[in-house]
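These are the residues of each chain, in order.
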Amino acid sequence: METLILARVSQDASGRERSIDEQLADNLAWCAREGWTVAHTIRELGGISRHSKRPVRDELAEALEWIRSGRIQILISWELSRASRDLQTFTLLRDECRTHGVRWGYSGKLRDFDRRSSSFRAGWDALLAEHETDRTSDRVRRSMSSNARAGRPHGKQLFGYVRRYDEHTKRLVTVELDEQAAAVVREAASRYLAGDSLHSIARSFEERGVPTRRPAVKATPIRSGWTGTAIRQMLSNPAYVGIRAHHGTVTEAVWPAIIARSDWDRIQVLLQDPDRARRGDRTVFDPKHLMSGVARCGRPGCGAPLVAGTNTSRMHADGRTRLVKYPAYVCQSGLHLTVKASHVDAIVTEHVLTRMERQDFVSQLTTAEGPEVLRRRELVAAIAADEAWLEQVRGRAEAEARMDLLYSQEEIVLPKLNAARKELAMLSPVGRDILDVAEAADVRTAWERQGVSEQREIIRALLTVTILPALRVGQRGIEASIARTLIEWKDPADG
């Protein structure tokens, strides 16, 4: 008898669940006693109930493939719940086993679904497993709501704090500051308020080897360690001002604040400010290529972004011909278009700087009118009014010792305020980085002081750059590149 063993264990902090190795040992011993041959084993981690967040269960698909293959006669799991915790999945497994003549063994008993009693008993066990899963889910939801109302933490430990538990009951006693980690949070907040970008803060932490908030699950050259995204997430978390937020309900937390509430409010305004938002959500690595991902392919029907690559050219010297590689921009969707990178960089840069050096450049940018500009002004005014109102409520709540008054108003105003900030971030205003260059006494020197990231964002905000196909094979040289580079200003007044 050929047998498939399916072993699964969820994440279990209590340690009471049988591990996968223990399940396999029991199942292998059962197979040895009966003389069954183990054809294959499947190990599975993670939840399998309908409350699970796993989008795809690959192990189930693998098990079904084995059942349908005709290579096995028995499916073994330690308990029925190790294979299924919802009736829909159980029904699928049961029907496939019945169709292909596979018996299902669990809890030391073999079920033959051609027998009515076996099918009934397995169905009853599946119903009990789903019921227990639902009860567990209800307990978790009630626990989360209870913790939220009491201001207690729930879930993973927050960076900057350490939880103390009773040695015997394992109940939470207190949440204290982890001074070393809390200092990192404070430094990030103070530096961001002082004008540092999220990117520069992350790069500084990486260079100093500051321990990260949590170990990376899958380390990559780009996303491991501190990133601009990690700093943004940390500075956006209201828990750092001693607030417990849960489904729109705000409660005073049992842990101390690391960031002052007034500072945190200012940080949120800056995080939603489009003048700075373009710089914040980046990794700690600067891009090297000015127009990679910015310029577009001008081949009819394509329009894909150009990315950094290499091209080759024949060089003739001393009577010999050799191939020389040079940086180029190539179409991301194919090799049908390529252009020398240094030519495009120089053409676009000169185009931007020549226009910025004109005296009317700043005035045209800042006086332009239109629906987008007017809407931006409305949002800025609405945000300022809501922030002023919350500040008045905060002062009254502190004076009258009525924090419930503050929480109730925040519950009403904050969703509206956050929505306005989000919409404001989506609009395209004149960036501060553009004005820093355009208003400088020496525009070209100010441009050189900008990093590649900032230069790319200025170009992206002002221009649409399209590279047209070469008119003939082998066409090269700066004049040919100028003819192929189509530059359009996003605001007609800027052209």
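The numbering scheme is per chain: residues are counted from 1 as the chain's sequence reads. For a predicted model such as this one, the threshold for reporting local features is a pLDDT of at least 70, and the threshold for listing and counting side-chain atom pairs is 80 or more; totals across whole chains, interfaces and linings nevertheless cover every residue. As a convention, hydrogens and water are excluded, and side-chain values are obtained from all of the structure's heavy atoms.

1. Here's the deal with the sheet that holds strand β10 (residues 296-297)
Consideration 1: The rule for pairing is simple: two strands pair if DSSP sees at least two bridges between them. Only DSSP runs of H or I covering at least 4 residues are called helices, and only runs of E covering at least 2 are called strands; the numbering of each starts at the N terminus. Within the open sheet, the three strands sit side by side as β10-β14-β15. Their pairing is mixed. The sheet terminates laterally at β10 and β15 (485-489), the two strands that pair on one side only.
Consideration 2: Where β10 meets strand β14 (residues 463-467), two bridges bridge the pair, whose relative direction is parallel. In the strand pairing of β14, C297 is matched with I467.
Consideration 3: Throughout, a contact is declared for two residues whenever any of their heavy atoms are within 4.5 Å. Fitted lines through C-alpha atoms give the axes, limited to the stretch in contact for helices. The angle between two N-to-C directions lies from 0 to 180 degrees. Of the strands in this sheet, β14 and β15 touch helix α10 (residues 341-356), which is tilted by about 30 degrees from β15.

2. Section: the nonpolar core
Consideration 1: Residue types Ala, Val, Leu, Ile, Met, Phe, Trp, Tyr and Cys, when buried and joined through side-chain atoms within 4.5 Å, form a set referred to as a nonpolar core. For every residue, the accessible area obtained with a 1.4 Å probe (protein chains only) is divided by the maximum for its type, and the residue is called buried under 20%, exposed over 50%, and partly exposed between those limits. Of all hydrophobic cores here, the largest spans 33 residues; its most connected members are M291, V348, M356, I459 and L463.
Consideration 2: Going through the elements one at a time, β12 (320-331), α10, α14 (432-438), α15 (443-449), α16 (452-462), β14 and β15 are the ones with two or more residues in this core.
Consideration 3: Top element by residues in this core is α10. It accounts for seven residues.
Consideration 4: Among all residues touching V348, those that are not within four sequence positions of it are M291, I459, L463, V465 and I487.
Consideration 5: In terms of nonpolar packing, the next biggest core, distinct from the first, is built from 31 residues, V185, A189, I231 and W255 among them.

3. Examining α16
Consideration 1: Of all 11 residues making up α16, eight are buried, and the element is well covered by its neighbours.
Consideration 2: Along α16, the residues classified as buried are S453, E454, Q455, R456, E457, I458, I459 and L462.

4. Quick notes on the pattern of salt bridges
Consideration 1: Every case where a carboxyl oxygen of Asp or Glu lies within 4 Å of a side-chain nitrogen of Lys or Arg is listed as a salt bridge. Under the definition given, this model contains 12 salt bridges.
Consideration 2: Each of E187, R191, D196 and R208 takes part in one network of salt bridges that share partners.

5. Focus: unusual backbone geometry
Consideration 1: Positive phi values are uncommon outside glycine, yet S107 reaches one of about 55 degrees.
Consideration 2: Residue position: S107 is located in the loop between β4 (103-106) and β5 (109-111).

6. Let's talk about the pairing of β4
Consideration 1: The pairing of strand β3 (residues 74-76) with β4 spans three bridges and is parallel. Note that in β4 the partner of I74 across the bridge is R103.
Consideration 2: Across three bridges, β4 lies against β5 in antiparallel orientation. Residue W104 lies in a different strand from β5, and its bridge partner there is R111.
Consideration 3: Between β4 and β5, which pair antiparallel and follow one another directly, the connecting turn spans two residues, one of which, S107, has a positive phi of 55 degrees.

7. Considerations on the packing of helix α6 (residues 198-208) against helix α7 (residues 228-236)
Consideration 1: Direction vectors running N to C along α6 and α7 enclose 105 degrees, while the axes themselves pass 8 Å from each other. The orientation of α6 relative to α7 falls into the category roughly perpendicular. The residues of α7 that touch α6, namely those facing L198, I201, A202 and F205, are G228, I231, R232 and L235.
Consideration 2: Any residue outside Ala, Val, Leu, Ile, Met, Phe, Trp, Tyr, Cys, Pro, Asp, Glu, Lys and Arg is labelled polar, Gly included; the first ten of those are nonpolar and the last four are charged. When grouped by side-chain class, the residues that make up the contact of α6 with α7 number six nonpolar, one polar and one charged. Throughout this description, any angle smaller than 35 degrees is read as roughly parallel, any larger than 145 degrees as roughly antiparallel, any in the 65 to 115 degree range as roughly perpendicular, and the remainder as oblique.

8. Structural notes on a nonpolar patch on the surface
Consideration 1: Residues form patches when they are more than 30% accessible in relative terms and have no salt bridge. Like charges link within 9 Å. Nonpolar side chains (Val, Leu, Ile, Met, Phe, Trp, Tyr) link within 5 Å. With residues, only the protein chains shown are counted as cover, and all accessible areas are computed by Shrake-Rupley using a 1.4 Å probe. Among the surface-exposed residues, F120, W124, L127 and L128 lie close enough to one another that they form a single nonpolar patch of about 430 Å² accessible area.
Consideration 2: Relative to the helices and strands, W124 resides in helix α4 (residues 116-150).

9. Remarks on the packing of aromatic side chains
Consideration 1: To pair, rings of Phe, Tyr and Trp, with the six-membered ring standing in for Trp, must have centres within 6.5 Å; the planes then decide the type, stacked if under 30 degrees apart, edge-to-face if over 60, and tilted in the middle. Under the defined criterion, the tally for this structure stands at seven aromatic pairs.
Consideration 2: Where F159 meets W226, the ring centres are 6.0 Å apart and the plane angle is 75 degrees; that geometry is what we call edge-to-face. Separated by 67 residues along the polypeptide, F159 in the loop between α4 and β6 (161-165) and W226 in the loop between α6 and α7 bring together distant segments of the chain. Like W226, F159 is buried.

10. As for the packing of helix α5 (residues 179-193) against α6
Consideration 1: Orientation of α5 relative to α6, taken along the N-to-C sense of each, is 145 degrees, at an axis distance of 10 Å. In the crossing of α5 with α6, the sense of the turn from one axis to the other is right-handed. For the pair α5 and α6, the contacting residues are V184, E187, A188, R191 and Y192 in the first and L198, S200, I201, S204, F205 and R208 in the second. In this scheme the handedness of a crossing depends on how the near helix is turned from the far one: anticlockwise by less than a right angle means left-handed, clockwise means right-handed.

11. Focus on the environment of L463
Consideration 1: Inspection of the secondary structure puts L463 in strand β14.
Consideration 2: Judged by relative accessible area, which is 4%, L463 ranks as buried.
Consideration 3: Expressed as a C-alpha distance, the spacing of L463 and V348, which sit 115 residues apart in the sequence, is 9.1 Å.
Consideration 4: Those residues in contact with L463 that lie beyond four places of it in its chain are V348, V352, I487, E488, W489 and K490.

12. Considering the confidence of the model for the protein chain
Consideration 1: Values of pLDDT, which run from 0 to 100, indicate the predictor's confidence residue by residue. Of all residues in the protein chain, 75% attain a pLDDT of 70 or more, and the chain-wide mean is 76.
Consideration 2: Within the protein chain, α10 carries the highest mean pLDDT (93), whereas helix α9 (residues 274-280) carries the lowest (49).
Consideration 3: Confidence drops under pLDDT 50 across residues 277-285; counting only partners more than four residues distant or on other chains, this segment forms 36 contacts.

13. What about the state of the cysteines?
Consideration 1: The disulfide criterion is simple: two cysteine sulfur atoms within 2.5 Å. A complete count under the given rule lists zero disulfides for this structure.
Consideration 2: The structure places no disulfide on C302, whose sulfur is separated from the nearest cysteine sulfur, that of C331, by 3.5 Å.

14. Quick look at helix α3 (residues 87-99)
Consideration 1: Given a helix with a known number of residues, its expected span is that number minus one, times 1.5 Å. With 13 residues, α3 should reach 18 Å at 1.5 Å per residue; the first-to-last C-alpha distance of 18 Å fits that figure.
Consideration 2: All of the buried residues in α3 are T89, F90, L93, R94, E96 and C97. Down the axis of α3, the smallest arc covering the buried residues is 165 degrees, so these residues share one side. Facing away from the buried side of α3 by over 90 degrees, the exposed positions are Q88 and T99.
Consideration 3: Count one or two residues on from α3 and you reach G101, which has phi positive near 70 degrees. The directions from the helix axis to the C-beta atoms form the arc being described.

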